[in-house]
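# Working through the structure, step by step
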Amino acid sequence: MFTLGDTVEIAEGRLRRPSSDGANLVLRRAVHDSRRVRPGDLFVALPGSRTDGHLHLEEAYARGARAALVRHTEGLPQTATNLVVVERPLRALYLLAAAWRACLTGTFVAVTGTCGKTGTRAVAAELLRGTHAVYSSPENYNTEIGVPLAVLEMEEGDDVGLFELGTERPGEIAPLARLVAPDLAVITRIGHGHLDGFGSLEAITEEKWQIVSAPERTPHAVINADDSRLADRAARWGGALTRFGSREGDVLGVAREPTPPLHVDLRDPPLELAFGLVGTHHVTSILAAVTVALELGVPPDALRERAARCRPQPHRLELLDAPFGGILDDSYNANPESSLAAIEAHASLATSIPGRALVFGKMLGLGEESARWHRVVLERALHAGFDPIFLVGDAPRAAAGWASDEVRSRLTFIDSDDPREMADAVRRRLEATGGTVLLVKGSRALGLERLVERLTS
Ligand SMILES: Nc1ncnc2c1ncn2[C@@H]1O[C@H](COP(=O)(O)OP(=O)(O)OP(=O)(O)O)[C@@H](O)[C@H]1O
Ligand SMILES: [Mg+2]
């Protein structure tokens, strides 16, 4: 990254408590989570909803931070040297990332969409490695904090950078798209994610399209032609465009059941690929990633072997062993599209375990459409034969209000949010079955991965 001197200048900060070797210091990365700090990092002290970065300087420096972006020096530990004092650390972080972006010459790929951003990034990283030196942004770094941190982590030797851009309300994608300035801008699909922040699917489509229209230099757009909203939006656009899809597109492919492995038959170029993933809906992320790989010159033959390396991302349709049979852990997050996809993925599962059960946790962010969508998902789960179904939270419970006695006998209401109590309730009911694969799905805020941890341990 930058020298300490450049960091002070770019961040428009004032240097306090300089260390004796500060003049020659080159900072490695910017990090806002003190637990992630490695020697040579710049620690960025941001205010958060649960804590404030200024309270974690001691840990950051103990782990090897060499400088910190802070709002003040008051009460900070003596070990904290090279303090770059700024009025707004988040703005300073953005300035640093923008300056670093200007130094990098690799190809930038940015992915947005309601679902499948992380999946696309992860598959694209596997398909590109071996042909390119790939930087792939960490975990789920897709916000106004995560994206600049990710940009600052990319190194000058990386020739492809893969980034995710997320949004919860209008106006969030544009600054991220300007910062990343992608060469390839990918949109996976439009769905009911954060509907309360947008109001309509049209508004969501316009927001996602900012990944194409906001950057100063227009990128090559890569879009899902099966998504009618994206296809319509792209048809009104005159720039470079590659469309992928299962029904139409420049890169065409269809997925086959059962899974895993997930077989995707590409029509053009003709190629059979097998991925270690559960669920045919992944075809969207896979075709998006294949399109990126082909655009960036990966030979089609190399795709086959690299596809086989792809595995689920943590808590995204991960098949795990459990004492009662197995768990299909999709506890990472939930919206209507991904919940319906998870139900279908479970149905596509190649397993000899006969039972199918579901933990259905609340889907947040649906605003006025919440009741309708919880009912749609519950009805689909009942129709798919899940028995029992554990309902967690008020909205899933309310969705069962109409249920007949026969249906009610398949439902268990969980009122506790304590993972131990939840796990006890699930175990009690599943013990009597002769082997069950339990699908676990719910919004991020429910933290259902803690339930999964209890059930698998
Ligand atoms: N095309 C798709 N249609 C429906 N569901 C999908 C699709 N692609 C991925 N999903 C599901 O969406 C969930 C989240 O996947 P992933 O993490 O890749 O998405 P994301 O866009 O990064 O989400 P987030 O914005 O929450 O980080 C998973 O349950 C995954 O199975
Ligand atoms: Mg993500």
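Up top is the structure.
Figured I'd write up the structure that's included with this text. By convention here, each chain's residues receive numbers from 1 onward along its written sequence. Here every chain gets a letter starting at A, and every ligand a number starting at 1, in the order they are written. Local features in a predicted model are, by the rule used here, given only for residues with pLDDT of at least 70; side-chain atom pairs are given and counted only at 80 or more, and totals for whole chains, interfaces and linings are based on all residues. Each side-chain value is worked out from all heavy atoms of the structure, with water and hydrogens disregarded.

In this fold, Tyr135 is placed in strand β7 (residues 134-136). Taking C-alpha positions, Tyr135 is 15 Å from Asp183, a pair spaced 48 residues apart along the chain. Residue contacts follow a heavy-atom distance rule, with two residues in contact if any of their heavy atoms lie within 4.5 Å. The residues contacting Tyr135, other than those within four sequence positions of it, are Ala150, Glu153, Met154, Asp158, Val160, Gly161, Leu162 and Phe163. Polar contacts involving the side chain of Tyr135 include one to the main-chain carbonyl oxygen of Ala150, which spans 3.1 Å. Strands here mean DSSP runs of E at least two residues long; helices mean DSSP runs of H or I at least four residues long; both are numbered from the N terminus. Any pair of N or O atoms that falls within 3.5 Å is considered a polar contact. Within protein, one atom must be able to donate a hydrogen and the other to accept it, and sequence-neighbouring residues count only if both atoms are side-chain atoms.

Should DSSP find at least two bridges between two strands, the strands are regarded as paired. Sheet architecture is open: five strands sit in the order β1-β5-β4-β3-β2, paired in mixed fashion. Looking at strand neighbours, the two that pair on one side only are β1 (14-16) and β2 (30-31), the edges of this open sheet. Here β2 runs beside strand β3 (residues 42-44); their pairing, made up of two bridges, is parallel. Among the inter-strand pairings, Ala30 is bridged to a residue of β3, identified as Leu42.

This paragraph deals with the packing of aromatic side chains. The aromatic pairing rule takes the rings of Phe, Tyr and Trp, using the six-membered ring of Trp, and pairs them if the centres are within 6.5 Å, calling planes under 30 degrees apart stacked, those over 60 edge-to-face and the rest tilted. Going through the model one piece at a time under the given rule, you end up with four aromatic pairs. Consider the rings of Phe2 and Trp100, whose centres lie 5.3 Å apart with planes at 80°: the pair is edge-to-face. Placement of the pair is Phe2 in the segment before α1 (4-10) and Trp100 in helix α3 (residues 89-103), with a sequence separation of 98 residues. Classification of Trp100 as buried rests on a relative accessible area of 4%. Arranged with centres 5.4 Å apart and planes meeting at 5°, the rings of Phe108 and Phe163 form a pair that is stacked. Of this pair, Phe108 sits in strand β6 (residues 107-112) while Phe163 sits in strand β8 (residues 160-164), and the two are 55 residues apart along the sequence. Looking at Phe163, the relative accessible area reads 1%, which means it is buried. An aromatic cluster of at least three residues, connected via ring pairs, comprises Phe108, Tyr135 and Phe163. The residue whose ring lies beneath Arg101 is Phe108, and the NZ or CZ to ring-centre distance is 3.5 Å. Look at NZ for Lys and CZ for Arg. If either is within 6 Å of the ring centre and within 35 degrees of the ring normal, a charge sits over the ring. Positioned above the aromatic ring of Tyr332 is the side chain of Arg316, whose terminal nitrogen or guanidinium carbon lies 3.7 Å from the ring centre. Exposure categories follow from relative accessible area, calculated using a 1.4 Å probe and restricted to protein chains: below 20% of the type maximum is buried, above 50% is exposed, and the middle band is partly exposed.

Within helix α9 (residues 228-235), the full set of buried residues consists of Leu230, Ala231, Arg233 and Ala234. Down the axis of α9, the smallest arc covering the buried residues is 165°, so these residues share one side. Of the residues in α9, the exposed ones pointing more than 90 degrees away from the buried face are Asp232 and Ala235. On the buried face of α9, the contacting elements are β9 (184-187), α8 (201-213), β10 (220-224) and β11 (241-245). Two to three positions downstream of the cap, the backbone nitrogen of Arg229 sits 3.1 Å from a side-chain oxygen, assigning the N-cap of α9 to Asp227. What the arc measures is the spread of directions leading from the helix axis to the C-beta atoms.

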